[in-house]
Each structure stands twice: as C-alpha cells, then as structure tokens.
Amino acid sequence: MNNAVNNGDDGIWSGTWVAERLGVELVGDDALTGLLGLALRRNPKRAHLLVSNVLGKHVPQSPSVVHGHGFALGRRVRELLGAEETAEAVVLGYAETATGLGHAVADGLGTAPYLHSTRRPVAGVAQAGGFEESHSHATSHLLLPEDPALLVGDGPLVLVDDEFSTGNTVLNTIRALHERYPRRRYVVVALVDMRSAADAGRLDDFAREIGARVDLVTAASGTVRLPEGVLEKGQELVARYEGPTAGHQPSAAPSGPVAQFPAPLQGAARTDSPGARGTARQAPHDPHPEDDRTRRTRPEGHITRVDLHWPRGLPDGGRHGFTPKHRARLETALPAMTARLAEAIPEDASRVLVLGFEELMYAPLRLARELEQVVAAEVRYSTTTRSPVLAVDDPGYAIRSRIVFPAHDDPADGPGERYAYNVAGSGFDAVVAVVDSVADTRELHAPDGLLSQLAAHTPHVVLAVVPSYVPEPLYAAALSEERPAMLPEPLRGPAFSSYPPEEVGWLLQDLSDVTLEAPTEEREEAIQSGGAHYAESLPVEYQPSEQYQELFHAALETSAARIAQAVGVVTETVIAERSPRPVLVSLARAGTPVGVLMRRWAQFRHGLDLPHYAVSIVRGRGIDANALRWLAAHHDPRDVVFVDGWTGKGAITRELAAAIEEFEAGGGAAGFDAEIAVLADPGSCVRTYGTRDDFLIPSACLNSTVSGLISRTVLRADLVGPNDFHGAKFYRELAGTDVSVAFLDAVAARFPEVADAVGGAVKELLASDRTPSWEGWRAVERISEEYGIHDVNLVKPGVGETTRVLLRRVPWKILARAGAGADLDHVRLLAGQRGVPVEEVGDLPYTCVGLIHPQFTRGATGADGKAVTV
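A brief structural summary. Quantities reported herein were computed from a predicted structural model and do not represent experimental measurements.

### Some remarks on the pairing of strand β4 (residues 90-93)
And then number 1: Residues Val-90 and Leu-92 of β4 are buried on one face, and the alternating residues Val-91 and Gly-93, pointing to the opposite face, are buried as well.
And then number 2: Pairing of β4 with strand β8 (residues 157-164) involves four bridges; the strand directions are parallel. Looking at β8, one finds that Gly-93 is bridged to Val-160.
And then number 3: As for the winding sense of the linkage, the β-α-β connection from β4 through helix α4 (residues 99-109) to strand β5 (residues 114-116) is right-handed.

Structure, rendered in structure tokens:
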C-alpha cells in the first residue's frame, strides 16, 4: 500500500481539503495517507472523520483488498499468539464499521469463532454484555451471542476496530468484559493506531491494572494533530456547506438540515495502485450542489431480485456468533450463490459495486470477493451506513458524493436517514445491494428508498436478501414441553375460515385487517422486475361470473367420483406405507381441500379421526419453520404427512425437501418425511398419489371461495416476525359465493360408490414401480426454451396451474393438448375473457400448460408467439 491510494489523477491526497481548511495534520508511517483520507461530519465531540480507503465502508474498494487487509492482520495475530493460544482465541468486532474487518481477522486466525457487537436488539436473545462508544453518533453496543459461553474462557480475546484513536472504546470493552469473564490475554487489532502521545502509555497502565497482557496489532500508526479551536472551525465549515446559504437550494428540498453535494459525476478517476481506486472527479465543477433526494432527472435503472439460496440455518454474520463450522458451510455455498448473482449482471458491465448494509458487511464482502473472480467487470465493495458525513466534490476530499435514504430495518432508535457514499457518479454499470431479511421492507422498496435511489445512478440494480439469523436458545431442548405455550394455537373456523373447526387447524396468523391486494398487472411487473416476491402481496380475488360458476358446478358433477377415487387411493397408500394414524399437514391453500377430503375418507373407511393442519410453504423461501416447531411439539414428526393438491413441474416438491433438510441442519426436530402426498401427479414428481392423470380438479377453478375463504399465504418481513407463523387473510365478505363445504360434501358423497375400485387400485399401485421420472420438469424446460422464455418459473403445467395463471398472473398464452375435451372448458372461458390465445399442441404430456407473460411490463405484447425482449 502506498500514498497513491485514493488519490486523484494529480496525486492529491484525499485529506487535503480538510487539512488546508482546518490545519489538521496526519503524521506517521509512510503508508498512513494511503490508508486514510479526511472528511467532516456534524458531531459535537469530533468534527473530523478518518475515512479508511481499505475498510469497504465509505470508499468503494476491491473486495480482495478489503478482505486481504483483515486477513493479513489475523495472520499477524496468529503468529503473535502461537498455535496453542490461537486454538483458544475468540474474535470480537465492533459495530457497525468493523463487523466485516473483524470477521476477516477471524478468517486469518483460521480456527477462531467470531462475534461482533450490534446496535440491533433481537427479541428473545439475552444480552451477554454491552459497552459505550463515546465519540460515535450511535453510542450503545450490545453483545448477543447465541452461546454465552463464547465469552467465557481463558483463551485470548481479540478485539478488532477500524482505528485505535484514544483507546477509550476498547478499554471500556475490556474492562466490562473482564469483570464478568476474566482472561489472561487480550489482543487489540486495528487498521491504524492513531493515539496521541498522551494516550500511548494508557494501554500498558491498563494491562497492569487488570492483571492481564494486552497486545496491539495494527497495519500502520501515526497521529492526528489538531490545532486549537478545530472543533468549532469544523462545525462552522460543516454548517456553511450544509446550510441553506450554501449554493443553490432546490425548491423541492425536504425540510430540515440537508447535506449537499454536486450532481452525479460522469466518470471516475483511477490510480494504478494495486487494487485501489481514486475518488471520482467532475470537470468542470458544478457550482450549484443539490441533495440527492431531490435530483430525479436521470432515468431509473432496472431492479432485479436474485434468490441466493442462502443455506438454511447459516448465520448471516457474527451478530450471534460465527464458528469455523459456519465458515466451512459458507465456503461451500459461495460459488453457487455467486453464480446466481453473476447471471443477473449484464455481460457488458465494466464496473460493478456490491453494496452491503450497515452491520451486514461480511456476507456481501465474501460474495463480492467471489464475484471478482468470475466476472470480467471491475468489482468494488462498500456498505451503507448510519453515519452522516458531509460530501464535497473535490479531489482532495474523501467523500465525493452521498445518497440519502430512509432507514429500512425498523431500527430500535426509530426512523432516520441512512447513507451510501461515493456511489453516485462513480460510473457503476450495476449495483448489487445485499441486505438481510429484516431490512427487506416496504421502506427499502419505496419511491425514496435505497433501491430507487440506486436506480437513479446505475442502469442495473440487483437485490439479494440474506435471511436474518435468529438463534434458538441453547436450552431449547429442555424447554420442549413449554414450546406449545410459546407458539399460538392453530386458527380454526368459524373465526378463521368457513370450514368446521374439526376439519382443519391453520398454523397461520390472521392478516385479515391488512390491505395486501394489488392489481394483477402491477404484481406481475413487480415480481418479474425483482422489486417484490410473489408472497409479499395478494392478487385481487377473482369474482366468478354466473357462466363461470355454472362451469364449476358442471365440472364438479362430472368429476366428483373421479376425485373421490383419487382421494381414497392416496389416503389408503399413506395409511399403508407412511403411518397407521398419520397427521395430515396440508400445504395451504391448494392442499387444504384435499387434506380435508383425506381426513373424511379415513373416517369413512377406517373410523379414524385424523388431525389435520394447514401450513405455509413459499417458493424460494421454504416452509414455515415455526409451524414445523409447533408440529414437532404436539406430534411425532415421523407421523406427519405433507399433502398438496397436485404437482406441476415439481418445484414445491423440491422446495419442501430442501426446507426439511435445512430445518434439521439448523437444529430443528428430526423425523419429518419431505415426500408430499398429492391427489394428482401429472408431472411424475412423487411416489404417493391418487392418480397421475392431468384432469380438472374443480377446486382449482376458484380461489378462496373453494378453500375456506382463506387467501394464499403471505410472507413479508414487516408483517411476519422471526417467531411468527406466516400470514393469510380470511375473506368473510365473500361468504355469499363460498362453495368450500359444498365441494367437500359433493366429493365425499361419492365415497361409497368408489370404495371397491379404490381397493383394487391401491393393490395395483403398491405393487408397481412409482419412482418419479420428473417427466413434467423436462417438458417444462423444453417448452421454456422452445418458446424463448428461458425461465421455468413462467411455465405452469397442468390444468390446476394453468387455471392459477389465468386467475392470478398475467397470462401470455395457453398450450392445450390436441383433443382435450371438457376438462378445459373453464380454461377456454377464462382465456377468452382475458384475451389470451389457446394454442393446440400435439405432443404435450399435460392436458394444458399456462405461460406467464415473459419479461412483463404493462403494455408488453407477444403476438408473434415468441418471448418479449426488452
């Protein structure tokens, strides 16, 4: 590292602007000015801010450089401690700035568990300690380890911060922890040691006072010389540049003090330093700076959401502890997660920023470092921050621009502004925003939220959400008998749903009073653009016309016996192979009518009164883990049989298998069988089914009015907390058109007439080879490519899924098997009502396939029979 780091083309140090105006001097090692720049902030205790060029917080930097500095410090600590003490060491990092640095130091040690302080209280997690950071804008730190024993022991405690200035924060921490968890040795690690001469001796004095050894490891050292009156001069300077007289104040500016900065820069000056970049420059200088919240003239970029498939149960960082086993799981998963990100980044992108979120620094850093190896673009990394800093467009100033947006994680200290520095005007072709699920809120997606603000400065914004880890108490097993009292009892009719209370218990929370519905076209555009997940909103409930209701009743009349036989076959198969007294757990909501019918069959044929529940599963996000915990507390997981209506291409089948595996890996109860029992398996995805024919199941024709008046399930961070069941609505107002119980009664009335046929079919089925062929999945992949869609999620095979496309999504066209008869009457009617073409296909393995409008935007067309390109 050399002095050219973060200098402009003319070699100007990024602390020059502050040094010249305040008389501040940075003196010390030759590497110091390469590691640090200077900026100003509104802070009554310290006006200047040391801005690190290698931390990845305020200055976008190569992720290899950021991780490399922390890793190298960790290696030095390992050499200092030796193998024996290294094996017993624990690393503690400081929020928010040093959470990623501390994690990289732990990587360098290799075998050390890691914990960082946090400013985010977490319900249900006991505080193991805390301390104050006197000069910070947010002073209180919490320690919330999943395992309190992490702070207990005689091995060295390694404390990591970005800078060691007065030493007050570190000494306060050690003093507080030493009183509760005394140790023989502490190691303080920082990128820079900036103590004054007066503070230099305090560390040794403190070590003698507590009777422990305290070492210091830094990358560079020096000090800041501050002239008399610098705090007042700094405050005056900040007020001058922030105040209403500082240049032109836009008429649309929000009320209150607003920090200002120039309009977006058109390019970014760079240096030839290894892994380094200079600050952006603009020429000529804009004399009329304006706040980013008011400048919306540039066309907004495209926002895409990417599902990382983050391993279930893997902590998102060190807030509750991160062990070497966690590190090994992350290393294994990184290549696949990064490949998904790389697919979302345009091939012609030359500069890409991975932007982390406040304390969430390490996961984005590791993704960025991996991305740096697999894409041709220049990759940079930084994170958003709570810290307000003045932005000045000058090559000798460390913070050239800032983006301002509202907090989006419901912070404990209330709403407020958050910032992203040196992003605007830095020429990024794409920005990958990485947040945790607690922060994936409506504020994030709001018109003035982070995503929209980023889209004003880059043509491509990619959103990746890492699940927020909430630990189970170590004593959870001992409390297993108390667990039922900690989770609510199932909702039942008539208070929730039109089903009788004994028919089904809903392991859901009631969101009936929340407005969640959005027009179909708006939902489709948001889902396909990555702006929202399909489970975050609800479609407007389809109100069937009189003609359509007549079709439903006609279909029910003709198919009731066929459905009854399939119900009997799948129920008898479950009782014969899975459990003599199964616990039926329907996947809400298409599985719920089938689960009720299976329960009725078991009562009709065997006199069994089987328990039946409905739970939520969401594609891309898994099954409701709290529902699984409730089930495990009340029943033997080995007796649980998951039930669904039908299979399409088998996506939910795979989702459930992965979710159960991750649930157990995360410490959940073992024994759940992930195999789904379905009424119809046209996709050949499961072994337990009533039939593999693709025929009209009338319950697929309607939405809530055939499913107990319950909506599709909802999973949204601002409505569903970590200890809540997923949500759903009860549409009481639709009671006049409800046919839920009528459907069940019509099918159950046919049980006696199909009983003999069921017995023969079950014998034949149990003796046959039912190994899934996944024929449907292959057909979907072929259709996706043949029709130029290139996304299997937009291909919905089978009568049931096709009906859902017509009722809930924006359909493009319907593929119908040549010669399909009355099973498709309702599909043809719905398609005609929505102006959707029905195309007959000769070699279709399903009766029909629904195609969702590819790359949908309102007004998009696809009349040529191929996918729309935008």
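Back to the write-up after that little detour.
### Side note on the pattern of salt bridges
And then number 1: All chains considered together, the criterion is met by 39 salt bridges.
And then number 2: Across the pair Arg-418 and Glu-358 runs a salt bridge, and its minimum N-O distance is 3.0 Å. Of this pair, Arg-418 sits in strand β15 (residues 417-421) while Glu-358 sits in the loop between β12 (351-357) and α10 (362-374); the two residues are 60 residues apart in sequence, bridging distant segments of the chain.
And then number 3: For Arg-418, a relative accessible area of 5% corresponds to the buried category.
And then number 4: Note on Glu-358: relative accessible area 6%, which makes it buried.
And then number 5: Through salt bridges with shared partners, a single ionic network connects Glu-503, Arg-599, Arg-600, Asp-609 and Asp-745.

### Focus on the packing of helix α16 (residues 591-606) against helix α20 (residues 751-766)
And then number 1: Running from N to C, α16 and α20 cross one another at 80°; their axes reach a closest spacing of 12 Å. Put simply, α16 runs roughly perpendicular to α20. For the pair α16 and α20, the contacting residues are Leu-597, Arg-600, Trp-601, Phe-604 and Arg-605 in the first and Phe-751, Pro-752, Val-754, Ala-755 and Val-758 in the second.
And then number 2: Its residues assigned to classes, the contact of α16 with α20 comprises eight nonpolar, no polar and two charged.

### Overview of the environment of Asp-791
And then number 1: Along the chain, Asp-791 turns up in the loop between α21 (775-786) and β30 (795-797).
And then number 2: Each C-alpha atom of the pair Asp-791 and Pro-854 lies 8.3 Å from the other, and the pair is 63 residues apart in sequence.

The rules behind the values
- Residues numbered from 1 in each chain as written.
- Predicted model: local features only at pLDDT ≥ 70, side-chain atom pairs only at ≥ 80, totals over all residues.
- Heavy atoms only, no water.
- Buried < 20%, exposed > 50% of the residue type's maximum accessible area, 1.4 Å probe, protein only.
- Helix = DSSP H or I, 4+ residues; strand = E, 2+ residues; numbered from the N terminus.
- Pairing = 2+ DSSP bridges.
- Right-handed = clockwise from strand over helix to strand, strands pointing away.
- Salt bridge = Lys/Arg side-chain N within 4 Å of Asp/Glu carboxyl O.
- Axes fitted to C-alpha atoms, helices over the stretch in contact; angles between N-to-C directions.
- Parallel < 35°, antiparallel > 145°, perpendicular 65-115°, else oblique.
- Contact = heavy atoms within 4.5 Å.
- Nonpolar A, V, L, I, M, F, W, Y, C, P; charged D, E, K, R; others polar.

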